[in-house]
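# Descriptive structure summary
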Amino acid sequence: MKKHSIHIIKSIAPGSIAEEMGIETGDQLLKINDNEIEDIFDYQYLVQDDHLDVLIKKSDGEEWLLDIDKDYDEDLGIEFENGLMDDYRSCSNKCIFCFIDQMPKGMRPTLYFKDDDSRLSFLQGNYVTLTNMSDADIDRILKYHLSPINISFQTTNPELRCKMLGNRFAGDALKKVDRLCADGSGIELNGQIVLCKGVNDGDELERSIRDLTKYLPNLQSVSVVPVGLSKYRDGLYPLEPFTSEDAVKVIETIESWQKKVYNEYGMHFIHASDEWYFLAGRDFPEEERYDGYLQLENGVGMMRLLINEFDEAFEEIIKNHSKELSSINRDISMATGRLVYPCIRDMAKRAMDICPGLNVKVYEIVNEFFGERITVSGLLTGQDIIKQLKGKDLGTMLYLPENLLRSGEDYLLDDVKVSDIERELGTTVGIAKCDGRDLVCELFGIEI
């Protein structure tokens, strides 16, 4: 029998129903309408009713049964210490491509936690493998209409999936998609394939795409991303990096399937992440091919969106701020990862070409911490930034991309704080949002 979590109340919204009823920080929620609560989804489902019997345990141990009449869907104004209201489910797989297994020792403990929780898929967009999802979990997803659910497929070949995920149940787990996509379920899915050279590429990729099209239109999109390989792979499955020629083949496969699917469904469905286009040396697809940017967090379409946003804002600033441009006297620097460095450098050059008083130095940071094969900006560390920019001309401000930082925090993956970088480099650090419009504003120092 499942042990129910303890739901301690962290805060009460001022003026809320909870405050009016005398519920306080530190109280414990026990039941709603005589139903025990497993997690946040039970809670959100139960509090929708217009009449509630809420059982609260006060900090002194006294229990209160509160009779509450409210508007349908009106919130109680309660926030819990554990946002999920339950323990996070850890991953039961041993994937051959797992990046957490490729991290060095000594980093903060939370970075080593492998989640594989369908609830986090709904709440935070995490990708799940389905291997620790029970039939009861599927029932709850359907009951509460939790959508979209993001699934890491890797392959639709059951035997190969067992090998890639290091889990003998991984192949059978794919059958759960059938229930999620049953007629009338209304559940939307997004998929992901982490491509490993010589493992699930080539004919296996063709098979996977073909098999996954049967889940249209519930399955809205599938991204294909290259495996990330750090320098810490001793004792792990031998994986090799993709070449430029490999990237061309992957893109050609995906674009061929995009045409087939679009002709039938009016959507492109299968998408190559930006890394493939960088590696192949090809232009990024036009905006329409990304179907509304469903997989930005997976690096699909980020560069096309950045370029389009930059172009639009660039034209706007030329049109509406020409006098300000002529009087700018600005000396700044920007640092970014190897993957996007050429694009950011070219954008900075365009800005300097129309503004004689603007000087921008763009620095490429090589990822020495994880290894040079890791080229995305989001995995750069403070120590690499400090080491490689020490003694460089950084101007009056050094801009770093926002995706370097943990959400809501001021430190990087290696726990180096922004203030540490400022102190070590003797400059002021600005954090630039990862969008083209903000980049234009930061370059010129003008709000538009």
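Placed above this text is the structure.
Below or above, wherever it landed, is the structure these notes cover. (Residues numbered from 1 in each chain as written. Predicted model: local features only at pLDDT ≥ 70, side-chain atom pairs only at ≥ 80, totals over all residues. Heavy atoms only, no water.)

Quick look at the overall build of the protein chain now. A tally of regular secondary structure across the protein chain gives 15 helices and 15 strands. For the protein chain, whose C-alpha radius of gyration is 25 Å, the value lies close to the compact-globule estimate of 22 Å for 448 residues. C-alpha extents for the protein chain along the principal axes are approximately 70 × 55 × 45 Å. For the protein chain, the residues scored as buried account for 52% of the 448 residues in total. For the protein chain, the share of sequence-separated contacts (at least 6 apart) that also reach a separation of at least 24 residues comes to 70%. For the protein chain, the accessible surface area stands at approximately 21600 Å², while carbon and sulfur atoms represent 48% of it. Side-chain charges of the protein chain comprise 50 positive and 83 negative groups, with the mean position of each set lying 7 Å from the other. (Helix = DSSP H or I, 4+ residues; strand = E, 2+ residues; numbered from the N terminus. Rg over C-alpha atoms; globule rule 2.2 N^0.38 Å. Buried < 20%, exposed > 50% of the residue type's maximum accessible area, 1.4 Å probe, protein only. Contact = heavy atoms within 4.5 Å. Areas by Shrake-Rupley, 256 points an atom, 1.4 Å probe, with all protein chains shown as cover. Lys, Arg positive; Asp, Glu negative; His and termini not counted. Charge placed at Lys NZ, Arg CZ, Asp CG, Glu CD.)

Before going further, it helps to spend a moment on unusual backbone geometry. Note the cis peptide between Leu216 and Pro217, where omega equals 0°. Mapped onto the secondary structure, Pro217 falls in the loop between α7 (203-212) and β10 (219-226). Despite not being glycine, Asn33 has its phi angle at roughly 50°, a positive value. Along the polypeptide, Asn33 turns up in the loop between β2 (28-32) and β3 (35-36). Look at Asn33 and you get partly exposed, because its relative accessible area is 24%. Phi at Gln154 takes a positive value of approximately 65°, unusual for a residue other than glycine. For Gln154, the position within the fold is in the loop between β8 (149-152) and α5 (158-165).

With parallel pairing, the five strands of this open sheet are ordered in space as β7-β8-β9-β10-β11. With partners counted over all chains shown, the strands left at the sheet margins are β7 (127-128) and β11 (270-272), one partner each. Pairing between β7 and β8: two bridges, direction parallel. Within β8, the position partnered with Val128 by the bridge is Ile151. Together, β9 (189-195), β10 and β11 form the strand contacts of helix α8 (residues 244-265), whose direction differs from that of β11 by roughly 155°. (Pairing = 2+ DSSP bridges. Axes fitted to C-alpha atoms, helices over the stretch in contact; angles between N-to-C directions.)

Here the focus is α5. For α5, every residue scored as buried is listed here: Leu160, Arg161, Met164 and Leu165. An end-on view of α5 places all buried positions within 120° of arc, on one side of the element. Check the buried side of α5 and you find it contacts β8, β9 and α7. Two residues or fewer past α5, Gly166 is found with a positive phi of approximately 60°. (Arc of directions from axis to C-beta.)

Our next topic: the layout of surface pockets. Of the pockets and cavities examined, the second largest pocket occupies roughly 180 Å³. If you trace the second largest pocket, you find 14 residues lining it, with Thr156, Leu174, Lys175, Lys214 and Tyr215 closest to the centre. Taken together, the residues that form the lining of the second largest pocket break down as six nonpolar, two polar and six charged. (1 Å grid on protein atoms, 1.4 Å probe; cavity = no way out; pocket = protein on both sides within 12 Å on 5 of 7 lines; lining within 4 Å. Points joined across faces, edges and corners; volume = space filled by probe spheres on them. Nonpolar A, V, L, I, M, F, W, Y, C, P; charged D, E, K, R; others polar.)

One open sheet holds the four strands; their spatial order is β13-β12-β14-β15, and the pairing between them is parallel. Only two strands of the sheet have a single partner each, and these edge strands are β13 (358-365) and β15 (429-432). When strand polarity is set aside, the average angle formed by the axes of neighbouring strands in this sheet is 30°. The pairing of strand β12 (residues 330-337) with β13 spans eight bridges and is classified as parallel. The partner of Asp331 across the bridge, within β13, is Asn359. In the packing of helix α12 (residues 341-353) onto the sheet, contacts are made with β12 and β13, and the angle to β13 comes to roughly 175°.

Per the stated rule, a full pass over the model turns up nine aromatic pairs. Look at Tyr277 and Phe284: their rings are 6.2 Å apart centre to centre, the planes differ by 50°, and that puts the pair in the tilted class. Relative accessible area serves as the criterion here: at 3%, Tyr277 is assigned to the buried category. Aromatic ring contacts, followed pair by pair, group Phe99, Phe369 and Phe370 into a single cluster. Taking NZ or CZ as reference, Lys58 lies 4.2 Å from the ring centre of Trp64, over its face. Directly above the ring of Trp257 sits Lys260, whose terminal nitrogen or CZ lies 4.2 Å from the centroid. (Phe/Tyr/Trp six-rings, centres within 6.5 Å; stacked < 30°, edge-to-face > 60°. Lys NZ or Arg CZ within 6 Å of the ring centre and 35° of its normal.)

A surface patch of like charges, here negative, comprises Asp49, Asp50, Asp53, Asp67, Asp69, Asp71, Glu74 and Asp75. Along the chain, Asp69 turns up in strand β5 (residues 63-69). (Patch = residues over 30% accessible without salt bridge, like charges linked within 9 Å, V, L, I, M, F, W, Y side chains within 5 Å. Salt bridge = Lys/Arg side-chain N within 4 Å of Asp/Glu carboxyl O.)

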